[in-house]
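These are the residues of each chain, in order.
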Amino acid sequence: MGNQISAGQLKEAFLAGASLLNEKKELINELNVFPVPDGDTGTNMTMTILSAAREVADIEEPDIENVTKAMAGGSLRGARGNSGVILSQLIRGFTKELRESGVIDAPVLARAFNRAVETAYRAVMKPKEGTILTVAKGVAERMTELAVSEEGLIPILEKVLEYGDEVLEKTPELLPVLKEAGVVDSGGKGLMTVLYGALLSLKGEKTELKLELGDPGSGEGAPLPSGEGSRSGELSTADIRFGYCTEFMINGEHEFREEEVEALRSWLEGVGDSIVCFSDGNIIKVHVHTNHPGNAFEKGLSMGYLSKMKVDNMRLEHNERLIRDASRIAAMQSLEREKAEEEAEEKDFAFLAVCAGEGLSEVFKGIGADRIISGGQTMNPSTEDILKAAEGLRAKHIFILPNNKNIVLAANQAAALSEGGELHVIPSLTIPQGISAMIAFSPDMGVEENEKAMKEAMSKVSSAEVTYAVRNTVIEGRAIAEGNIICIGDRGLLSVSETVQEAVSEALNAMLRPDSEIITLYYGEDVREEEAEQLAKKLREEHPEQELELQPGGQPVYYYFISVE
């Protein structure tokens, strides 16, 4: 390779970086500070970059313009979690410089790395050092120093990444919580993984690309360990014939004829079941359960370009019969909802709330949520997921409640990308905060007044979540052993115990204040109702001064969400 990178090489380097991140995502997940079973930095970054990689891979005649646009647009729309949003902003700044320069050499790469860092720092309200941002800045600074070197581009990049590794190793010194947990920053590790994959490609090393996520999780998170508070093993997946629920839309250049739709439907019947396939002008909507989602996508690409693509691994959720019935019902409900939305009159306000669990969904619907975005701590919705959820809501102003600190940036990015500026993010960091914010809403007030009232209501709520530890570590001076029950509050670790009951009790003792009035427990899908009732009875006896409410949340991974007001 010479001292410039061609558009074709850029394409292959980006795909190689995405592929290596996909391969290493579980190792990156394990670097999360809190040893909870939903460590998702690697998964979020991977899903973000794969969203762009699939668009890049479809480019047959690469030039700098179309490759960089696919890299930026795909990652922005597919961004999930804080780490994914920051990665998408790094890619956005990087590609913008390449696109404006028109060539890719060492000086241009230096400017591109620096522009990437500037763009990402601007996207984060309170940037922290010792994170992916620090690693990106170190890479940019080293590239700037070496860009004037007479060395070839490959030796320069090797030295840049070597320095990036040095910065990554120092992240625990910049962020004490990393040092205590004995890990480097997971986001920084993910970024370096992408860069190393790209470098391998530029050096001419050919590897098999892995641009399918494989087994990303169902969105329901890891099951709780069997034993106390667990119903593990009730659902069998042994009889599932087709494991992936696959959805997409084919956008054609002409109005599709019924013969074309029928031919596609017949082809789908040969590769799966639970098929919904119908046309609407120049669009065909497809839903199929199959073992090879990629083949279904390829078939769709032969008829037009794809949008609204979604793949869920059903073997991690339910047995085949339940999934098939649910999918058919969901398809019918979706059509009915779309029709109702088209006929509905525009109203002043609407709400989008993010949560996982049937009980929590019902709570939000009961207090006025117009649409629920499935997701939460275990599977963060992407920027595009949020934008699509807002589509069809006929309202002048749409409030988004992320209900998770790892979804706020994606929600902000969705609001920035929306055309009309009607999306308003209420930065709820927990489910209890989101519920309190919605209760504080008044249709008689304007947007700014409601935003102020909802944020004030959130500030009066203390939240906590109870789960189990997946590894040994030390957090805030407290030793945690694998399998311990841990409770994490708004400001850190609240309790470490052998049982769920002890963890909740200890956490409440730390959360309650003299003016606390209401305690609410939302129990998860792996907690039996009788167990929750027994715990509630015990806690009412311990805290007679407060009113205690018990609600079925149905959330995965977490035994309980706790709210104190």
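Residues numbered from 1 in each chain as written. Predicted model: local features only at pLDDT ≥ 70, side-chain atom pairs only at ≥ 80, totals over all residues. Heavy atoms only, no water.

(A) Inspection of the overall build of the protein at higher detail. Each helix and strand counted, the protein has 19 helices and 16 strands in total. Here the protein holds 565 residues, and 54% of them are scored as buried. Contacts in the protein between residues at least 24 apart in sequence constitute 71% of all its contacts with a sequence separation of at least 6. Working note: accessible area of the protein is about 25,600 Å², and carbon and sulfur atoms make up 48% of it. (Helix = DSSP H or I, 4+ residues; strand = E, 2+ residues; numbered from the N terminus. Buried < 20%, exposed > 50% of the residue type's maximum accessible area, 1.4 Å probe, protein only. Contact = heavy atoms within 4.5 Å. Areas by Shrake-Rupley, 256 points an atom, 1.4 Å probe, with all protein chains shown as cover.)

(B) Region of the structure containing the sheet that holds strand β5 (residues 347-355). Here four strands make up an open sheet; going across it, the order is β6-β5-β7-β8 and the pairing parallel. Each edge of the open sheet carries a strand with a single partner, namely β6 (371-374) and β8 (423-425). Pairs of neighbouring strands in the sheet enclose a mean axial angle of 25 degrees, with direction left out of account. Of the strand pairs in this sheet, strand β7 (residues 395-401) and β8 are connected by three bridges, and their pairing is parallel. The residue bridging Ile-400 from the neighbouring strand is Val-425, located in β8. On the sheet, helix α14 (residues 383-390) packs against β5, β6, β7 and β8 and is oriented at approximately 160 degrees with respect to β6. Strand contacts of helix α17 (residues 447-459): β5, β7 and β8, with the helix running at about 15 degrees to β7, the strand carrying the most contacts. (Pairing = 2+ DSSP bridges. Axes fitted to C-alpha atoms, helices over the stretch in contact; angles between N-to-C directions.)

(C) Expanded view of helix α1 (residues 7-29). Its 23 residues give α1 an end-to-end C-alpha distance of 32 Å, which sits within 8% of 33 Å, the value for a rise of 1.5 Å per residue. The largest bend along α1 reaches roughly 50 degrees and is located at Glu-23. (Expected span 1.5 Å × (residues − 1). Bend = angle between axes of the 7 residues up to and from the residue.)

(D) Focus on the nonpolar core. Counting 122 residues, the largest nonpolar core has Leu-109 and Met-143 as its most contacted members. A per-element tally of this core places helix α5 (residues 106-123) first, with ten residues. Those residues in contact with Met-143, other than ones at most four positions away along the chain, are Ala-106, Leu-109, Ala-110, Phe-113, Leu-153, Ile-156, Leu-157 and Val-160. Residues Tyr-468, Val-504, Leu-512 and Ile-519 belong to the second largest nonpolar core, which totals 26 residues. (Core = buried A, V, L, I, M, F, W, Y, C linked by side-chain atoms within 4.5 Å.)

(E) Quick look at the pattern of salt bridges. In this structure the tally under the stated criterion is 24 salt bridges. Between Glu-65 and Lys-69 there is a salt bridge, with the nearest N and O atoms lying 2.9 Å from each other. Highlighted residues: Glu-65 and Lys-69, both in helix α3 (residues 64-78), separated by four residues, approximately one helical turn. Among the residues examined, Glu-65 registers a relative accessible area of 36% and is labelled partly exposed. The shortest N-O distance in the salt bridge between Glu-506 and Arg-478 comes to 2.9 Å. Of this pair, Glu-506 sits in helix α18 (residues 500-511) while Arg-478 sits in strand β11 (residues 478-480); the two residues are 28 residues apart in sequence, bridging distant segments of the chain. Looking at Arg-478, the relative accessible area reads 29%, which means it is partly exposed. Via salt bridges that share partners, Glu-97, Glu-100, Arg-111 and Arg-115 belong to a single interconnected network. (Salt bridge = Lys/Arg side-chain N within 4 Å of Asp/Glu carboxyl O.)

(F) View of the environment of His-254. Residue position: His-254 is located in the loop between β1 (244-251) and α10 (258-269). Not counting residues up to four positions away in its chain, the partners in contact with His-254 are Glu-260, Gly-281 and Asn-282. In this structure the side chain of His-254 is engaged in a polar contact, spanning 3.2 Å, whose partner is the side chain of Glu-260. (Polar contact = N/O pair within 3.5 Å; in protein donor to acceptor, adjacent residues only side chain to side chain.)

(G) Spotlight on a negative patch on the surface. Among the surface-exposed residues, Asp-58, Glu-60, Glu-61, Asp-63 and Glu-298 lie close enough to one another that they form a single negatively charged patch. You can see Asp-63 is positioned in the loop between α2 (41-57) and α3. We classify Asp-63 as partly exposed; its relative accessible area is 36%. (Patch = residues over 30% accessible without salt bridge, like charges linked within 9 Å, V, L, I, M, F, W, Y side chains within 5 Å. Lys, Arg positive; Asp, Glu negative; His and termini not counted. Charge placed at Lys NZ, Arg CZ, Asp CG, Glu CD.)

(H) How the structure looks around the sheet that holds strand β16 (residues 560-564). Reading across the sheet, the six strands line up as β13-β12-β9-β16-β14-β15 and stay open at both edges, with mixed pairing between neighbours. One side of each edge strand has no neighbouring strand; the edge strands of this open sheet are β13 (492-497) and β15 (547-552). Within this sheet the neighbouring strands show an average axis-to-axis angle of 20 degrees, counted without direction. Direction of pairing for strand β14 (residues 518-523) relative to β16: antiparallel, over a ladder of five bridges. Bridge pairing in β16 links Tyr-522 to Phe-561. Those strands touched by helix α19 (residues 529-542) are β14, β15 and β16, and its axis lies near 170 degrees from that of β15.

(I) Structural view of helix α7 (residues 153-174). With 22 residues, α7 ought to run about 32 Å at 1.5 Å a step, and its terminal C-alpha atoms sit 31 Å apart, in line with that. Burial in α7 covers these residues: Leu-153, Ile-154, Ile-156, Leu-157, Val-160, Leu-161, Gly-164, Val-167, Leu-168, Thr-171 and Pro-172. Residues of α7 that are buried make contact with α5, α6 (132-146), α8 (176-181) and α9 (186-202).

(J) Spatial organisation of the packing of helix α4 (residues 81-101) against α5. Where α4 meets α5, the axes come as close as 7 Å, and the angle between the chain directions of the two elements is 140 degrees. The angle between α4 and α5 places the two elements in the oblique class. Considering the relative orientation of α4 and α5, their crossing is right-handed. Touching Ile-86, Gln-89, Leu-90, Arg-92, Gly-93, Phe-94, Lys-96, Glu-97, Leu-98, Glu-100 and Ser-101 of α4 are Val-108, Leu-109, Arg-111, Ala-112, Phe-113, Arg-115, Ala-116, Val-117, Thr-119, Ala-120 and Ala-123, all from α5. Considered class by class, the residues forming the contact of α4 with α5 number twelve nonpolar, four polar and six charged. (Parallel < 35°, antiparallel > 145°, perpendicular 65-115°, else oblique. Left-handed = near helix turned anticlockwise from the far one by under 90°. Nonpolar A, V, L, I, M, F, W, Y, C, P; charged D, E, K, R; others polar.)

Limitation: the analysis is restricted to geometry and does not speak to function.
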